[in-house]
Amino acid sequence: MSSHSVLISEPKVIPTSDSASRLARTWRQPSGFWGWFSNVHHTAIGTRYMVTAFIFFLLGGVLAAVMRLQLTRPENNVLGPDAYNQFFTVHGSTMIFLFAVPMMFQGFGVYLVPLVCGTRNIAFPRLAAFSYYLFLGGGLLLWIGLLTNTGADAGWFSYVPLAGPAFTPGKRADFWAQMITFTEVSALGTAICIAVTILRHRAPGMTLNRMPILLWEKLVISFMVIFAMPAVMVVSSMLLLDRLVSTQFFNPAVGGDALLYQHLFWFFGHPEVYIIFLPGTAIVSSLVPVFTRRHIFGYTLIVLSVVATGFLGFGVWVHHMFATGIPQMSASFFTAASLVIVIPTAVQFFCWIATVWNGRIQPKLPMLWLFGFFFVFLIGGLSGVMLASVPVDWQVHDTFFVVAHFHYVLIGGAVFPMFAGLYFWIPKITGRMMNSTLGHWHFWLFFIGFNLTFFTMHFLGLRGMPRRIYTYSPDMHWNALNVVATSGVAFMTAAILVFLANFFYSKKYGELAGDNPWAAGSLEWATASPPPHYNFLDLPTVNGREALWDAEPDQAIVVGLRDDVPEVLVTNSLDSDPEHKEETVGPSIWPFLTSITVSATFVGSIFTAWAIPYGAPFVVITLIGWLWPRGHSPMTREEAIEEYSHG
Amino acid sequence: MFTLSRIGGLSHLLAIYQASPLNPGRHSTLNPVAPQAGNIEWLYWVIFWICFGAFVITILVFFTGAARKYVRQATPLPPIKEHPADGIAAWFVGGAITVTVLSLFAVLFMSIITGKKVEGATAERNAVTIQVTGHQWWWEATYPNWQANLTVTTANEFHVPVGKKVVVLTNSNDVIHSFWAPNITGKRDLIPGYSSAFSFEVDKPGIYHGQCAEFCGLQHAHMGFSVVAEPEDQFAAWQNQQVAPAREPTTAEEIRGRTVFLTHACVMCHTIRGTDAGSRVGPDLTHMGSRRMIAAETLPNTRGALAGWILDPQRIKPGSRMTPNPMRPDDLQDLITYLESLQ
């Protein structure tokens, strides 16, 4: 904590370009090979998350396309059962753990939250960097497993006893379980960074009731991650223990419990769905006001809905287990809870519709993707109402109907908003606009392909096709519908290629974006595109829910932060009053080195329990390096004398 | 129907029909033959129409709003804080929330009622009880009787009397499986360490298909079964036939076939009651000649299919627990003759 006082100054204190260059020097991130691994700025980490997660999205998509080819014809021979099982397991695990959460929560969150808060970096930047490396490590583990014929093959939820030592010998399930550990530690770390940034680093004036909905959602999601992820880490660790040191948590033969696994897994697994979907609604609630040119309708209702979803999301997990034979009475409780959670989502829908009705719509490309989201997610949400009903679920559970449902929910609730968000924020990230014509092609190809593939699956499920079968008999008459479903893949592949072409073309030749190409209202648009490493020359203050739209012509700025050390402003959680300023940490190689020792310990523990005692000292050593006190000012004595002798 | 579809020009039309929801299908949730599946289908359609209505209204309102407020102008309009009609919109939003809540209550209420109907009672005196045990990757069915010698054990083909209550007791020998015959009732997981019960009664005689619905490993796709619903007298006759020990071989080929069975690996896993073969690892073959299909509904029970299956099950069901059984052609032919004689 520094004793320098922070002032909210008159705007006429215009900083000199001298100040800009000093800030640039202070916040400079190192370059070069080792510099890349030392960078702790949130824009770099956020971009890495997005790029890495998008690559995993492409890889997971390739697996899906091959699986669709296999299912095109009955008794097809594109994939054998062993490869097919690895493909669908790695596809599901990749899309959930390596794409959806890292992209929607971590990628957008780490990049945007500090900018929308109006601060210079994320809280605990080294933890944020460390989280990214662990996520990457988990992804590499799963995919190296697949490429070395050790691909997980027990489904993305790896039910026991199938994933236990008796029925999945070898190391496949262990690779999966450790991938979970990697990605969940990563998500937990990021959740802490994001929650603290939102609670302690908001610009002065951005009180809780003026906080953009994006921040509300990220805050709720962070808490959901903090409460949900431990359950899955516990359950994957119990599975590892069963497999590695012969504990018997899940072995029914000696009193272990196969259903315990399902309870623990879904206690995480259902909040996870909202951890993926809420970032989508966060994007929708951020974009709708921009393209309807008005403040969002029903701000309070939307915020309450988001918070309610955060709580209710923890009360619906048993609807994944209706067919296990649990008593009707307990099942009905979870039907009720699953129907109640429809209400907050419906409320958000109604508020968006009211915003559109009482706004003036100026549709741009991101808005088109929001239309797609409306259409697709609505279908997914309504088929969810059907699935919440216990008897209907008894029929369609574990069929292609469910496959259709969750692709409508997850692609509708995450991928459509993601593309809306990418078209919206890529100009901020790269500084150049994306091409709108190519973006329209991308949308229509993807929208048509998606509906061809997944709408058809509803019929397949009703006609009795179970999920996760690698082949089927021609007598079942599922062939024609499967041909239709596979044909959609061609459209979606073309769509993604158009997007990639658009991205690389626009990154180089796109029209310059400027600070605020959409005339939007939140603070990330108050700085250059791409933002400098100090984010804002002058930290802004906020007057209303849409910071830029509500700003006075002579809106105050924050002065008094030093420009020769990386200082950030700390404000209080409720009213966002400045409390003190804090010197934040600069670039460091230690988070990367720590991630190496932690990864080595995790990977080693797939093979021997001794990896933990042997790995721990190395982890401690790297942590000591990470936490080594910085007991000196980056200024030399002479510089300090010069600095303070002016005043 | 399968042979018909090969006849030239009609085949396309037929394929379209078969793929469409119009085709009743012997493995479809939309073609119920039991009150359980019937009740669920009714509930499905009620909820479907509620959801369909909600979808149409929401999309119409949304896109009407979007079209009404469309502004064709490139430069961004100045943003507004609120709109004079926001007060009216609040009433509409409140109304929409009320309608949503009421519809959800209706869905909940009907679900609970239907759930009670489908679940019914499982402790009925008069019911036929079947103990179903899941194995990787086949189904064992036992019709328990208080007299041990009247207990029927068979595999993959469940015979039930029409119009009579059938209670299924679930169990699993290895991993989690799920018993699902969609024309009859919803699915129920077979979880090792947990036993549960459910019941149904089939109204219409026929052969209905079922399949494992919980991913259970390599051959999850080839874990089918059939439910043969027949009039009560036929069912009783079937039961009497199944209770009997295996038919004694009569011809020279059959006798040699039995010797082949008892001197090869077959005997390590299979039971044929009335012989020395008594292992319970694989399906009971005492009356395998009477079954329509083999290998959990994977192949028809014909000489050719059986030969292929015995010689190399791994080619047909890779990962299957049955090992390849290379043998001399005449041994194989006699073995098949014997197995087919086990009516």
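Residues numbered from 1 in each chain as written. Chains lettered and ligands numbered in written order. Predicted model: local features only at pLDDT ≥ 70, side-chain atom pairs only at ≥ 80, totals over all residues.

Caption draft 1: Fine view of helix 8 (residues 258–292) of chain A. Residues and elements named next belong to chain A. Helix length check: helix 8 (35 residues) gives 51 Å between terminal C-alpha atoms against 51 Å at 1.5 Å per residue, within 8%. Remark: the principal bend of helix 8, roughly 30 degrees, maps to tryptophan 266. When you tally the buried positions in helix 8, you get 32 out of 35 residues, the bulk of the element. (Helix = DSSP H or I, 4+ residues; strand = E, 2+ residues; numbered from the N terminus. Expected span 1.5 Å × (residues − 1). Bend = angle between axes of the 7 residues up to and from the residue. Buried ≥ 20, exposed ≤ 12 C-beta atoms within 10 Å, placed from the backbone.)

Caption draft 2: Local environment of the sheet that holds strand 8 (residues 197–200) of chain B. Residues and elements named next belong to chain B. The 5 strands lie next to each other as 3-2-1-5-8, forming an open sheet whose pairing is mixed. At either margin of the open sheet sits one strand with a lone partner, and together these are strand 3 (152–155) and strand 8. Pairwise comparison of adjacent strand axes, ignoring direction, gives a mean angle of 25 degrees for this sheet. Bridge analysis of strand 2 (residues 138–143) against strand 3 gives 4 bridges, and the strand direction is antiparallel. Paired with threonine 142 across the bridge in strand 3 is threonine 153. (Pairing = 2+ DSSP bridges. Axes fitted to C-alpha atoms, helices over the stretch in contact; angles between N-to-C directions.)

Caption draft 3: Geometry of the sheet that holds strand 4 (residues 157–161) of chain B. All names here are of chain B. The sheet built from 3 strands is open, its strands ordered 4-10-9 with mixed pairing. Each having just a single partner strand, strand 4 and strand 9 (206–211) make up the two edges of the open sheet. With direction set aside, neighbouring strand axes in the sheet form an average angle of 25 degrees. In this sheet, strand 10 (residues 224–230) lies alongside strand 4 in parallel orientation, the contact comprising 5 bridges. Its bridge partner lying in strand 10, proline 161 is registered against glutamate 230. Here helix 4 (residues 232–243) sits on the sheet and contacts strand 4 and strand 10; the angle it forms with strand 4, its principal contact strand, is near 135 degrees. (Contact = placed C-beta atoms within 7 Å.)

Caption draft 4: Structural detail: the interface of chain A and chain B. With 78 residues of chain A in contact, the opposing surface of chain B contributes 83 residues. Among the elements of the structure, helix 4 (81–117), helix 8, helix 10 (328–340), helix 11 (342–357), helix 12 (365–388), helix 13 (390–396), helix 15 (436–462) and helix 16 (479–509) of chain A are those that each provide at least two residues to the side of chain A that touches chain B. Ranked by the residues each element gives to the side of chain A that touches chain B, the list is headed by helix 11 of chain A, at 11 residues.

Caption draft 5: Region of interest: the packing of helix 9 (residues 299–312) of chain A against helix 11 of chain A. Residue and element names in this part refer to chain A. Between helix 9 and helix 11, the shortest axis-to-axis distance is 8 Å and the interhelical angle comes to 155 degrees. Classified by the interaxial angle, the pair formed by helix 9 and helix 11 is roughly antiparallel. Crossing angle aside, the handedness with which helix 9 passes helix 11 is left-handed. Judged by residue contacts, Leu301, Ile302, Ser305, Ala308 and Thr309 of helix 9 engage Pro344, Thr345, Val347, Gln348 and Cys351 from helix 11. Its residues assigned to classes, the contact of helix 9 with helix 11 comprises 6 nonpolar, 4 polar and no charged. (Parallel < 35°, antiparallel > 145°, perpendicular 65-115°, else oblique. Left-handed = near helix turned anticlockwise from the far one by under 90°. Nonpolar A, V, L, I, M, F, W, Y, C, P; charged D, E, K, R; others polar.)

Caption draft 6: Region of interest: the confidence of the model for chain B. Residue and element names in this part refer to chain B. Mean pLDDT over chain B stands at 91; residues scoring 70 or higher make up 92%. At the low end of the mean pLDDT range in chain B sits helix 1 (residues 10–19), at 65; at the high end sits strand 6 (residues 177–179), at 97. Low pLDDT (under 50) marks residues 1–7, which in the prediction has 6 contacts with non-local residues, meaning those over four places away or in another chain. In the predicted assembly, ipTM is 0.93 and pTM is 0.94. (pLDDT = per-residue confidence, 0-100.)

Caption draft 7: Highlighting unusual backbone geometry. Residue and element names in this part refer to chain A. With an omega dihedral of 0 degrees, the bond running from valine 160 to proline 161 counts as a cis peptide bond. Examined against the element boundaries, proline 161 turns out to sit in the loop between helix 5 (125–147) and helix 6 (172–200). We note that aspartate 398 has phi near 60 degrees; this positive angle belongs to a residue other than glycine. With respect to the helices, strands and loops of the structure, aspartate 398 is situated in the loop between helix 13 and helix 14 (400–430). When the 22 C-beta atoms within 10 Å are taken as the criterion, aspartate 398 is described as buried.

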